[in-house]
Amino acid sequence: MHHQPVAPGASRGPGIPPFSPAPGAGVRSAVWQGSGVPDRASLDKQPDEVASMFDRVARRYDLMNDVMTFGQVRLWRRAVLAAIDPKPGELVLDLAAGTGTSSEPIARAGAVPFATDMSIGMLTEGLRRYPHLSFIAGDGLRLPFRDDAFDAVTISYGLRNVHDTRAGLAEMLRVTRPGGRIVVAEFSTPTWPPFRAAYRFYMGNVLPRFQPASSNAAAYDYLTESIMAWPDQPTLAAMMREVGWRGVQWKNLTGGIVAMHRGWAP
């Protein structure tokens, strides 16, 4: 069955939570090419700028992630999947799912992933690769789903692109059922000072050498800057607690280059 990216108001059938759009939520009507939107987003993370930037890097995004992380991203994905622990029949919101690389293993585990992203370009590429998955266009601050819809919600390397981090975490809590769980994977702060210094050198001096091979080098400048500006592990955990997530904990991967934060809905 060939699924198209869907707008709020549609339904996938029995057992699937009905869409319930917030005011202003919906699918962007175009990819914004030639619209005057810059190739790279600014660090204030306006949604249209971020979406347009990801539209332009969609085709080579997963390949560049593999190259720039020396394949570590695959290990991180497996760790995130284990933390989500999707069970057959569970409904899982995979936010900032991009091309569906993170959603496909959730489906293989027997759960029902909703691959949601605000980049039409990323969703279109995902649909080409994984036509059996459901792809939904949606903004992380105005998710097109009803309250308490999901057993689990996850977001990998996308929370730092949400315009308001606390509001995004609160919106994810809104759509998670009581007792449901969240798993956030994000680039973070290495914990050992010498390693942290080496990592910063890599980000500032080595990583830019990969960027000419990408489809949009300026976009990767933004990604580098957004990673370096992201709060450390305890600060993100405190934000999650502030908006209502319970039992918040984190686990460092690769010395803290990436951190997984996990919590539960009250």
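Residues numbered from 1 in each chain as written. Predicted model: local features only at pLDDT ≥ 70, side-chain atom pairs only at ≥ 80, totals over all residues. Heavy atoms only, no water.

(A) Focus on the overall build of the chain. When its secondary structure is counted, the chain shows nine helices and seven strands. Every one of the 266 residues in the chain was classed for burial, and the buried ones make up 52%. Across the chain, the fraction of contacts at a sequence separation of at least 24, relative to all contacts at a separation of at least 6, is 67%. Taken as a whole, the chain presents about 11,300 Å² of accessible surface, with 57% of it coming from carbon and sulfur. (Helix = DSSP H or I, 4+ residues; strand = E, 2+ residues; numbered from the N terminus. Buried < 20%, exposed > 50% of the residue type's maximum accessible area, 1.4 Å probe, protein only. Contact = heavy atoms within 4.5 Å. Areas by Shrake-Rupley, 256 points an atom, 1.4 Å probe, with all protein chains shown as cover.)

(B) Seen up close, the nonpolar core. Counting residues in hydrophobic clusters, the biggest one holds 27 residues, and the most contacted among them are Leu 93, Leu 159, Leu 169, Met 172 and Trp 245. When contributions to this core are tallied by element, the ones reaching two or more residues are strand 1 (91–95), strand 4 (150–156), helix 6 (165–174), strand 5 (176–187) and helix 9 (233–243). With four residues, the top contributor of residues to this core is helix 9. Ignoring sequence-local partners within four residues, the contact set of Trp 245 consists of Val 153, Leu 169, Met 172, Leu 173, Thr 176, Gly 180, Arg 181, Ile 182, Met 240, Gly 263, Trp 264 and Ala 265. (Core = buried A, V, L, I, M, F, W, Y, C linked by side-chain atoms within 4.5 Å.)

(C) Representation of the sheet that holds strand 3 (residues 134–137) within the structure. In space, the seven strands of this open sheet follow the order 3-2-1-4-5-7-6, with mixed pairing throughout. Whereas interior strands pair on both sides, the edge strands pair on one side only; in this sheet they are strand 3 and strand 6 (246–253). Along the sheet, successive strands turn relative to each other by an average axial angle of 20 degrees, direction set aside. Inspection of the sheet shows strand 5 paired to strand 7 (residues 258–264) by seven bridges, in the antiparallel sense. Counterpart to Ala 185 in the pairing with strand 7 is Met 260. Along the sheet, helix 6 makes contact with strand 1, strand 4 and strand 5, crossing strand 5 at roughly 145 degrees. In the packing of helix 9 onto the sheet, the strands contacted are strand 5, strand 6 and strand 7, and the crossing angle to strand 6 comes to about 155 degrees. (Pairing = 2+ DSSP bridges. Axes fitted to C-alpha atoms, helices over the stretch in contact; angles between N-to-C directions.)

(D) Main features of helix 6. Every buried residue belonging to helix 6 is among Thr 165, Gly 168, Leu 169, Glu 171, Met 172 and Leu 173, and all of these are buried. The N-cap residue of helix 6 is Asp 164: its side-chain oxygen and the backbone nitrogen of Arg 166 are 3.2 Å apart. (Polar contact = N/O pair within 3.5 Å; in protein donor to acceptor, adjacent residues only side chain to side chain.)

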